[in-house]
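# Observations on chain architecture
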Amino acid sequence: MADKVRSLQEVVASIPDGANLTFGGFAAYFTPLALVRELIRQGKRELEMTSVAECWVADYLAGAGRIRRVRFSNFMFEGLGRCQNFARGVERGEIEVEDYSHFAITSRLVAAGLGVPFLPIKPMAGTDLMRTRGFEAEKARPFACPFTGEPVLLVPAARPDVAVLHVARADRDGNSQLFGYTAVVEEQARAAQRVIVTTEEVVEDTVIRAQPELTVLPSFLVDAVVEVPFGAHPTGMYRYYDPHFEFMRDYYAASRDPAAFRAHLEEWVLGPADHWAYLRKVGLRRLLALRSDPGLGIARMHARTAT
Amino acid sequence: MSANRGEGAPNGVTRQEIMAVAAAREIRNGEVAFIGTGLPMVAAYLAKATHAPDTVLVFESGIVGAKPKELATGVGDLRLLVGCVKSTGLYYALSLLQGGFIDIGFLGAAEVDQYGNLNSTSIGDYQRPTVRLPGSGGANDIGSLAQRLVIMVPHEPRRLVPRVQYLTTPGFLDGPGARERAGLRGEGPTRVITDLAVLDFDPASKRMRLATVHPGVTVEAVEARTGFALLRAPTIGETPPPSAEEVRLLRERIDPEGIYIGQKA
């Protein structure tokens, strides 16, 4: 069994400027933000994103001025509003975009994972998602089914350079498990040329084998494993901790103004030397208040009052 | 949209409550419904609590058969996961749309045009927009593939526009036959529910028409708040008002904090 455990600094150093990245996470959950903060700390720039709905990643990187272009379907902070940093980057012409539907962009990843050059799909036809093009040389082509003549669109396979996925637990070889819904993690892992897993905890492989139905990634799909407890903070992790809503509201308020957001980055990303310094700054009391109820998998309903 | 209970509606019922109730009534018992954030969620919970207990709620995050105990902040909220029947991925959830398993979907948007096309992408030039909106997400998939689509928007001239600035989600595209030519599934949009009225689409022209006005709202007021020439259904009735039980469920059980249905008086 290979030992793929690496440090956060080491794996981020291996990601070149200009890389095409895809990130795990959905809405306010399981987003690999410890790694994203390290990307910003290490000064990675000119990044490209192949995204579905990784709103927190996109908005952090946009606010730090680190993304050049993004193919995606939706960035929205549920309960807060549209992603201010990302929207501003696009409105100012600093970030190039290519819009897809959820199913279309995910199908591009699925095609890559299946080892086929394209897949036929039904949505997007007849709309500006087809007519109004961004930076993509090939986005989708209308096609008539060779058997029935039924109109479909063909979308080409998409192969990001690196997938960065945050999971609940992984063994040292990279077998990775998630509780709860899985969003696009499995499709992203099979599409990407390299897969970095960040995990709440590194466990013995006997723990994985005791509940194999939770495994989203078998080890051969995974190139590196990084242990980062609370690595999704301020987003939540099912069965570990809830999203930190107060932190998110503060972030969102700061993101409305570039100077205020610069201060947020200085305080929470560039200031702390590493992930442990970041967690110390958030504080033990607040982190513990976010812990999940073992029965529910989320913090107790009606008692979400983390300070 | 006003959040003030009582404005323009009798008996202290908010316009959001009328919208939620009208949307809930679009769901038939036993249907599989694809649900987005906000009022659609309130409507779906209400339908399950009243006439459609066997409705199966599907969320794009990969949550199937949710039986939520409290209101979620969005489709990815893990409160939806507690007690659902299947927890899976986004690709599976959206494949249910393309596979033809979804009976009804609900969508909001920044703009809606007379053919029921929606914009949730951008205002102004696409590459250099005045306002960059969140993007399609699953909206285009729902509009392209659900058997029926119900649109929910605040009734404002800048939202109900002759032509959307970016066509994110197909309604009837440019008119009769266009969905079929594009290879899309389903009937397309069947209802538009606003805070003033319920609208549907003329079967021949596929253009939006006024079906019912909410209690206390005039036809002229609706037309004045619409950015294009609205057709009129042969007879325009009044939207049946929420029952006392529906209002009680909304206020006491589904949205007690008034997050989506408006503040308590």
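Up top you'll find the structure we're talking about.
Being a predicted model, the structure only gives us computed values, none of them experimental.

Residues and elements named next belong to chain B. Most of strand E11 (residues 189-193) sits inside the fold, with four of its five residues counted as buried. Note: strand E10 (residues 148-152) against E11, four bridges, orientation parallel. Across the sheet, Met-152 pairs through a bridge with Ile-193, a residue of E11. Where E11 and strand E12 (residues 197-201) come together, two bridges link them in antiparallel fashion. Its bridge partner being in E12, Ile-193 is matched across the sheet by Val-198. Connecting E11 to the antiparallel partner E12 that follows it, the hairpin turn spans three residues.

Turning our eyes to something else, we now look at the sheet that holds strand E4 (residues 86-87) of chain B. Residue and element names in this part refer to chain B. Across the sheet, ten strands lie side by side as E4-E3-E2-E1-E5-E10-E11-E12-E13-E14; this open sheet has mixed pairing. Of all the strands in the sheet, just E4 and strand E14 (231-238) have a single pairing partner and so form its edges. As judged from the two bridges shared by strand E1 (residues 32-34) and strand E5 (residues 104-107), these two strands associate in the parallel manner. Residue Phe-34 lies in a different strand from E5, and its bridge partner there is Gly-105. This element, helix H2 (residues 39-49), spans strand E2 (56-59), E5 and E10 of the sheet and lies at about 160 degrees to E2.

With that settled, consider the interface of chain B and chain A. Reports often express the size of an interface as the amount of accessible area lost when the parts come together. Listed by partner, the interface residues are 53 residues for chain B and 59 residues for chain A. Counting the surface lost from both chain B and chain A, the interface buries some 4,300 Å², and carbon and sulfur atoms represent 60% of this. Of all residues in chain B, Leu-78, Tyr-91 and Arg-132 of chain B bury the most surface against chain A, accounting for 17% of the area lost on that side. Taken together, the links from chain B to chain A amount to two salt bridges. The shortest N-O distance in the salt bridge between Arg-132 of chain B and Asp-99 of chain A comes to 2.6 Å.

Each value, and the rule that gives it
Residues numbered from 1 in each chain as written. Chains lettered and ligands numbered in written order. Predicted model: local features only at pLDDT ≥ 70, side-chain atom pairs only at ≥ 80, totals over all residues. Heavy atoms only, no water. Buried < 20%, exposed > 50% of the residue type's maximum accessible area, 1.4 Å probe, protein only. Helix = DSSP H or I, 4+ residues; strand = E, 2+ residues; numbered from the N terminus. Pairing = 2+ DSSP bridges. Contact = heavy atoms within 4.5 Å. Axes fitted to C-alpha atoms, helices over the stretch in contact; angles between N-to-C directions. Buried area = accessible area lost by both parts, 1.4 Å probe. Salt bridge = Lys/Arg side-chain N within 4 Å of Asp/Glu carboxyl O.

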